[in-house]
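Per-entry structural report
Below, each chain spelled out in residue letters.
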Amino acid sequence: MNANLDANLFFVSLLIALAGPIIAVSYLKPILHKVLRMLCDADGGAEFWIRCAYLLAVSGTLLLMLSFGEFSDRSSLVDAVRRSLGLVMAGVFLTVAIISRNVWTQVRQWVAARDLAAHVRSARTAAAAAAPVAAGTP
């Protein structure tokens, strides 16, 4: 006997797959927006990347759900929700890990460039202060 698709389990699982990543990215959005505005000089650049994060999170989680979700009429609601939550958590975890890794790479480069610029400025100031002393010595 073949198992049939349970439409209720399917739609409950899809709802969980949509809600989970939207809640997670919404939680990260305020701080992510601040960091991205610091890194993106372009007008609207931060908003673009936040929208990409939403799409990545939702589409990745939906892909996991559609690929590995349990929608059989033989499954109980509790089993289907447990599996759905596990898949959503995996999708959200992977999305946040990818976003965090990429943002952190850019932050490290920005901090290194800022520190280098500060070092160059202090070296120029020191060189300018030492130049009159060196010029006045015989």
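Heads up: the structure comes first, above all this text.
Reference entry: report on the structure contained in this document. Since this is a predicted model, take the numbers as computed values, not measurements.

The rules behind the values
Residues numbered from 1 in each chain as written. Predicted model: local features only at pLDDT ≥ 70, side-chain atom pairs only at ≥ 80, totals over all residues. Heavy atoms only, no water. 1 Å grid on protein atoms, 1.4 Å probe; cavity = no way out; pocket = protein on both sides within 12 Å on 5 of 7 lines; lining within 4 Å. Points joined across faces, edges and corners; volume = space filled by probe spheres on them. Helix = DSSP H or I, 4+ residues; strand = E, 2+ residues; numbered from the N terminus. Nonpolar A, V, L, I, M, F, W, Y, C, P; charged D, E, K, R; others polar. Salt bridge = Lys/Arg side-chain N within 4 Å of Asp/Glu carboxyl O. Buried < 20%, exposed > 50% of the residue type's maximum accessible area, 1.4 Å probe, protein only. Core = buried A, V, L, I, M, F, W, Y, C linked by side-chain atoms within 4.5 Å. Contact = heavy atoms within 4.5 Å.

Considering the layout of surface pockets
Using a probe with the size of a water molecule, rolled over the atoms, empty space left in the structure can be pinpointed. A volume near 330 Å³ is recorded for the largest pocket. Among the elements that make up the lining of the largest pocket, the one with the highest residue count is helix α3 (residues 77–136) (five residues). In the lining of the largest pocket, the residues fall into 11 nonpolar, two polar and no charged.

A word on the pattern of salt bridges
All chains considered together, the criterion is met by two salt bridges. A salt bridge links Arg51 to Glu47; the nearest nitrogen and oxygen atoms lie 3.2 Å apart. Placement of both Arg51 and Glu47 in helix α2 (residues 45–68) is noted, with a separation of four residues, approximately one turn of the helix. With a relative accessible area of 26%, Glu47 lands in the partly exposed category. Here Asp115 and Arg114 are joined by a salt bridge, their closest N and O atoms 3.6 Å apart. What makes Asp115 partly exposed here is its relative accessible area of 43%. By relative accessible area, which is 44% here, Arg114 ends up partly exposed.

Observations regarding the nonpolar core
Ranked by size, the top nonpolar core spans 11 residues in total: Val25, Leu32, Leu36, Ala46, Ile50, Ala53, Tyr54, Ala57, Ile99, Val103 and Val107. Secondary structure elements with two or more residues in this core: α1 (7–39), α2 and α3. Ranked by residues supplied to this core, first place goes to α2 with five residues. If sequence neighbours within four positions are ignored, Leu36 has contacts with Ala46, Trp49, Ile50 and Val103. In terms of nonpolar packing, the next biggest core, distinct from the first, is built from 10 residues, Phe10, Ile16, Met65 and Val92 among them.

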